[in-house]
Amino acid sequence: QAQQAQQVQAQQAARQAEATAAMERERAGQRLLQAFAAAPNAGYNWRDSSTWQDGVIRIHMAHWELSEEHWTQWLQWMQNEWTRRSAEYTWAISTMDLSHNVLTPPAIEKICDFLDGKLVCHSFDFSNTSMCDQGLIRLVLHLASTGVTENLNISDNKDITFTGVSWLFTILSWHPLYPSLANNKQGRPVYSPLKVKMENLGFPTSELNTYLDSNEFKLLCTSVTVGSSFKSQFDGPNPKKHNVVFQLDVGTASESRRILNPYSMVKCSDQSMVAQTPRPFRTNLVVRKPTHQRLEPQVVFEDYDLMVITKPPWWHCTNCVHGPEVLRQVHDELDSPEHRKEEAEKLLLKPGTAALHDYIILRFGRDPILAGVMNKDMLWGLIHRLDTGTSGCLLVAKNQEAWEMAKKDCYTQRFVRDYVALVHGSVRLHCRGEYRNQLRGLISAAIDRTPYSWTRRVEVNPSGKGEASQTQYECLAEYQSASGFYYTLLHLRLLTGRTHQIRVHCEHIGLPLVGDHEYARGRPPFDSKVKYCQRPFLHKLRFVFPNRRGDPVSILLPLEDQPDLHEVLSQLRLVEVFDCPATAPATSGTSGGFVRDKARPSPY
């Protein structure tokens, strides 16, 4: 007993010593933070870096000449200061001037990680910071996630090449939240593009001007103003959204001009176009027949490392267990092109759904270039997936190095994914809570995948349980059926890529997708005057990804290629188009935000 008592005393003493040491470490950490705040190693006083007043933060750190270690210390101080003051206001940064410092990609990554989901900034000055393409892309991804920044200065950065600038164009184009809506000096609402100042970069201005005039620029699906003469004509009590997403200031000698790209998401009065499907890079395996239950996938882009294929509805992307057997047959029994075509036609004739992996194996299984990815572990080359009923395009890698690179880009959200969807209801009448009357915004709701294994549904958990998920949206047009039911055409951009994300987010805000039977909570009674499509009305309109060099590749698949979706829209009356110009009446034949050729009848 005496020995046991001694052991207990020794254990208690050890625990007490450990607790004392932990308290001392905590006090030492607090003293260190206080020392950083008052006088860090290089003599900086972090309190001089910013002012905090009435919910507005102003950061002025030009010419501070901070090292990467000092950026970490400053961000730690900012985190503590924001935590301490968060009960006072909902803070926002009006100006962040970090010019004339050295900002490495890791430093910019830390700054953006600190801002993400915590603070928005209306004006960035990153001029003369030794910023490179990698840092610029990370910064633009942050801007795209908030949609509130009004000014960006990246001048005097010789390490920024045209690759970085082209990513700026690509990410911000077709953005649901740009141009931003704010009050002008007279207090009237006005749509204003993001103003980007980019003088003295790592390429000549003449190269930029040549690019803006090229056909390649049109594939970005964007519209910009070059120079400093842009004035929004669409202000007033009910402003309409124009399609000038951002404005470039490339120097006083730059020509002042407005570039209205006919591939823009919204309409301008003097525009007309016919959206064209990308030309197939390879001929189809099978001749199209009326008895086919689904369309055959097509290759719409291909280089040495990557391919983009279309995914028509009723192809599923599940990694089937019989894939290895199909591959064995391709190398044995199905060694002739005729046999492979016969098996591919069976997939097109199969009722219900068919496995996309089987088609990929049949078509590319004997291609020696794709031999390195023709296995179950590498998903037969597929990088990502689409739901069975969703149409769009998918990325396929042709070798192991490209597969690993593209998978990393997918996980780090380097892809730009724009969708169009028709939903039940009106944003102004049927949206829930904070989304009511919001014609565009951010749906931020965690998705819980726990019940998926037995319900085939994911859920938005009110407690916040699940994976953080964000979807940006904007209303393109509002329709009404002969029965009086309302419908809304939405443009959506995924900031995260969760299972069934768009479908469950639309249900969450009270606007379930037309044709979606799994996520139909809140759907109005059956509309007898409308023949719905046999799948969710969801189409992946635009897909952007980096190639092996890091340059953006933009793929546009027009909605006009989906006849079943057009058939639904043709049964509805267009009530209002949320684009420009404000003078265009809803009955003028405009097509819900998509510009049509004037010589062709509109399916809307």
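Preceding block: the structure.
Residue positions are counted from 1 within each chain, in the order its sequence is given. Local features in this predicted model are restricted to residues whose pLDDT is 70 or higher, and side-chain atom pairs enter the listing and the counts only when it is 80 or higher, whereas totals over whole chains, interfaces and linings include all residues. The basis for the side-chain values is all heavy atoms of the structure; hydrogens and waters are excluded.

Novice: What is the right way to look at the packing of helix α9 (residues 337-349) against helix α10 (residues 356-364) in this model?
Specialist: To describe two helices that pack against each other, one gives the angle between their axes and the distance between the axes. Here, axes are lines fitted to C-alpha atoms. For helices the fit covers the stretch in contact, and angles between N-to-C directions go from 0 to 180 degrees. Only DSSP runs of H or I reaching four residues or more are called helices, and only runs of E reaching two or more are called strands; each is numbered from the N terminus. Where α9 meets α10, the closest approach of the two axes is 10 Å, and the angle between their N-to-C directions is 160°. In terms of orientation, α9 lies roughly antiparallel with respect to α10. Two packed elements cross with a definite hand, and for α9 against α10 that hand is left-handed. Every residue of α10 that contacts α9 at R340, E343, A344 and L347 is listed here: D358, Y359 and L362. Throughout this entry, Asp, Glu, Lys and Arg are counted as charged residues, while Ala, Val, Leu, Ile, Met, Phe, Trp, Tyr, Cys and Pro are counted as nonpolar. The remaining residues, Gly among them, count as polar. Tallied by class, residues from the contact of α9 with α10 come to four nonpolar, no polar and three charged. An angle counts as roughly parallel when it lies under 35 degrees, as roughly antiparallel when it exceeds 145, as roughly perpendicular when it falls between 65 and 115, and as oblique in every other case. Should the near helix be turned anticlockwise from the far one by less than a right angle, the crossing is termed left-handed; should it be turned clockwise, right-handed. By the convention used here, residues are in contact when the closest approach between their heavy atoms is within 4.5 Å.

Novice: I keep staring at helix α4 (residues 133-146) and nothing clicks. Help me out?
Specialist: Note: α-helices contain 3.6 residues per turn, so residues at a spacing of three or four share the same orientation. One less than the residue count of a helix, multiplied by 1.5 Å, gives the span that helix is expected to have. Relative to the 20 Å expected for 14 residues at 1.5 Å per residue, α4 spans 20 Å between its end C-alpha atoms, a close match to the ideal helical length. Inspection of α4 places D133, G135, L136, I137, R138, L139, V140, H142, L143, A144 and T146 among the buried residues, and these make up the whole buried set. Lining the buried residues of α4 we find α3 (105-115), β4 (123-125), β5 (151-153), α5 (162-172), β8 (194-197) and β21 (470-480). Phi for G147, located one or two positions after α4, is positive at around 70°. Any residue under 20% of the maximum accessible area for its type is buried, any over 50% is exposed, and the rest in between are partly exposed; the area is computed with a 1.4 Å probe on protein chains only.

Novice: Is there a simple way to explain the side chain of N399 in this structure?
Specialist: Along the polypeptide, N399 turns up in the loop between β16 (392-397) and α11 (400-411). The exposure class of N399 is buried, given its relative accessible area of 17%. As used in this structure description, the phrase polar contact means that two N or O atoms lie within 3.5 Å; if the pair is within protein, one of them must be able to donate a hydrogen and the other to accept it, and residues adjacent in sequence are counted only when both atoms belong to side chains. A distance of 3.3 Å separates a polar side-chain atom of N399 from the backbone nitrogen of E401. In this structure the side chain of N399 is engaged in a polar contact, spanning 2.7 Å, whose partner is the backbone nitrogen of A402. Among all residues touching N399, those that are not within four sequence positions of it are Y304, D305, V373 and R548.

Novice: I keep staring at the sheet that holds strand β13 (residues 306-311) and nothing clicks. Help me out?
Specialist: In any sheet, the strands associate via hydrogen bonds between backbone groups, in a parallel or an antiparallel arrangement. Two strands form a pair only when DSSP identifies at least two bridges running between them. In space, the three strands of this open sheet follow the order β12-β13-β16, with antiparallel pairing throughout. In this open sheet, the two strands that pair with only one neighbour each are β12 (299-302) and β16. Here the average twist between neighbouring strands, direction ignored, is 25°. Summarising the sheet, β12 and β13 pair through three bridges and their orientation is antiparallel. Residue V299 lies in a different strand from β13, and its bridge partner there is I309. Set on the sheet, α10 makes contact with β12, β13 and β16; between it and β13 the angle comes to about 130°.

Novice: Just checking my understanding: could you explain the packing of α3 against α4 for this structure?
Specialist: Between α3 and α4, whose axes approach to 9 Å, the crossing angle comes to 10°. Between α3 and α4, the angle falls in the class roughly parallel. In this structure, α3 contributes P105, I108, E109, C112, D113 and L115 to the contact, and α4 contributes Q134, G135, R138, L139 and H142. Looking at the contact of α3 with α4, its residues break down into five nonpolar, three polar and three charged.

Novice: Which parts of the structure should I look at to understand the nonpolar core?
Specialist: Nonpolar side chains in soluble globular proteins tend to end up buried together. Membership of the largest hydrophobic core comes to 66 residues, with the highest contact counts inside it found for L395, F545 and I555. In terms of residue count, the dominant contributor to this core is α10 (six residues). Among the buried residues, those of types Ala, Val, Leu, Ile, Met, Phe, Trp, Tyr and Cys that are joined through side-chain atoms within 4.5 Å form a nonpolar core. One finds C121, W167, V196 and V226 within the second-largest nonpolar core, a separate group that totals 65 residues.

Novice: Help me out: how do you make sense of the pattern of salt bridges in this one?
Specialist: Pairing between side chains of opposite charge can happen when their charged atoms approach one another. Note on definitions: salt bridges are taken to be side-chain nitrogens of Lys or Arg within 4 Å of carboxyl oxygens of Asp or Glu. If you walk through the whole model with that rule in mind, you get 25 salt bridges. For the salt bridge of E345 with K289, the shortest nitrogen-to-oxygen distance reads 2.9 Å. In this pair, E345 sits in helix α9 while K289 sits in the loop between β11 (257-259) and β12, placing the two residues 56 residues apart along the sequence. With relative accessibility at 18%, the residue E345 sits in the buried group. Judged by relative accessible area, which is 37%, K289 ranks as partly exposed. A salt bridge links R328 to D332, with the shortest nitrogen-to-oxygen separation between them at 3.3 Å.

Novice: When you look at the sheet that holds strand β9 (residues 224-226) in this model, what are you seeing that I'm missing?
Specialist: With respect to topology, nine strands assemble into an open sheet ordered β1-β2-β3-β4-β5-β8-β10-β9-β11, the strand pairing being mixed. Each of the sheet's edge strands pairs with one partner strand only, and the pair in question is β1 (50-53) and β11. Averaged over neighbouring strand pairs, the angle between their axes works out to 15° when direction is ignored. Summarising the sheet, β9 and β11 pair through three bridges and their orientation is antiparallel. Counterpart to T225 in the pairing with β11 is R258.

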